[in-house]
Amino acid sequence: MAQLVRQLRKAAARSAHPFQLSVRHMSVMAKVLRYGEFGEPAKVLQLQEESVPDPKQGEVLIKTLGAPINPADINTIQGKYPVKPTFPAVGGNECVGEVVVIGGDGSGNSLKVGDRVVPFATGLGTWRSHAIYAANQLMKVPASVGVPEAATITVNPCTGYRMLKDFVALKPGDTVIQNGANSACGQAIIQLCRAWNVECVGVVRDRPEFAQLKDHLKGLGAAEILTEEELRTTKLFKDGIFRRPRLALNCVGGKSALELARQLDQAGVMVTYGGMSREPVTVPTASLIFKDLRFVGFWMTRWTKEHAASPLRSEMFNELFGLIDRGALKAPAHEMIPFEEYSAAVTNALNIQGFVGKKYIFRF
């Protein structure tokens, strides 16, 4: 494949339209993780091989460089996610790849061979070594963005970005409080708050390595990290060490969400985007009446579909890429794992520790 790319580039240099080529790419065998029924990923996923055809006009062939395992990917395979795929389905919703072949004569296509791209659409099935996509389903990634950052850009950083931007008009010095602060999304939220001069207080479950985790998250920019037990008795806001939070971000639910709500300022907003505890969000009546709190939900997939052609989306990615470029936004703590070791990867991701401080990313 590397030799093929070099040949294409040499040919493109002699072409009137550099890199815009219609070249038969010979036989490319793709490795694909498919499932034909809902169930536990290690049981229902099957690694298959298939021949990839030539891309047509308006299409490109990409070689996948990295594809993460997200909680929603696991839930989708289990049949517990609102989006239900058509079987047989390919797992995964994020990836970064390199353009290998441009379909047709390349006219009207802004991509070039060698460009790095990420899916600009959802539900494409990204756990595969090679894939053909419509060019308008892909977004070019700056060359300066690393594989882990690019592979994980479209879900968690975007989720954090939108929640911080869309519900409360935050100003420098304001406080945001979040549970699940050690999750991939939580780590992105911490870094975005630091970049925008907003104080972020994070909450995590207690654990033997809490001190190490606290140091790591504060190193990312967290103003303070508390255990759920510490949150119940904290005086950080009562004593004025930090302003009372105007925004709370909840991915846990249950008692954890209730404690976040107790810390909110008057007219504060809680945004729920996950429910890891599988317990409901309980809203105290007094908080609604006397504190005028608002409780709302957020789902990145819905936002993406509703804003597919919105300039807000391009503005968001441009800012995120800019933050990555200057080192202000890094990939979550992660492990690159060979695609062939998928069974161990999805099994570890299912364990409660699987999404604690580490993101598994397939490498190809």
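Residues numbered from 1 in each chain as written. Predicted model: local features only at pLDDT ≥ 70, side-chain atom pairs only at ≥ 80, totals over all residues. Heavy atoms only, no water.

As recorded in an unreviewed UniProt entry, the chain goes by the name Enoyl-[acyl-carrier-protein] reductase, mitochondrial, listed as coming from Anopheles quadriannulatus. One UniProt comment on the chain, placed under Subcellular location (unreviewed entry), says "Mitochondrion". What UniProt states about the chain under its Sequence similarities (unreviewed entry) heading is, verbatim, "Belongs to the zinc-containing alcohol dehydrogenase family. Quinone oxidoreductase subfamily." (UniProt positions renumbered as here; feature names shortened; annotations may be inferred.)

Visitor: Sorry, what's going on with the confidence of the model for the chain here?
Guide: Close inspection of predicted coordinates is inappropriate in any region flagged by low pLDDT. Chain-level pLDDT for the chain is 90 on average; 91% of the residues reach the 70-or-more range. Predicted confidence is poor over residues 10-22, with pLDDT under 50, and the contacts of this stretch with residues over four places away or in other chains come to 22 contacts. (pLDDT = per-residue confidence, 0-100. Contact = heavy atoms within 4.5 Å.)

Visitor: Got a minute to help me understand the state of the cysteines in this structure?
Guide: In protein chemistry, a disulfide is the covalent bond that joins the sulfur atoms of two cysteines. Enumeration over the complete set of coordinates arrives at zero disulfides. Left unpaired, Cys-95 is separated from the closest cysteine sulfur, that of Cys-158, by 14 Å. In this model Cys-251 remains outside any disulfide bridge; the closest cysteine sulfur is found in Cys-185, 7.3 Å from its own. For Cys-251, a relative accessible area of 5% puts it in the buried group. (Disulfide = S-S within 2.5 Å. Buried < 20%, exposed > 50% of the residue type's maximum accessible area, 1.4 Å probe, protein only.)

Visitor: Teacher, can you tell me more about the sheet that holds strand S1 (residues 28-35) here?
Guide: What holds strands together in a sheet is hydrogen bonding between their backbones, with the strands either parallel or antiparallel. Pairing within the open sheet is antiparallel, and its three strands lie in the order S2-S1-S4. A strand with exactly one partner marks an edge of an open sheet, and here the two such strands are strand S2 (46-52) and strand S4 (89-90). (Pairing = 2+ DSSP bridges. Helix = DSSP H or I, 4+ residues; strand = E, 2+ residues; numbered from the N terminus.)

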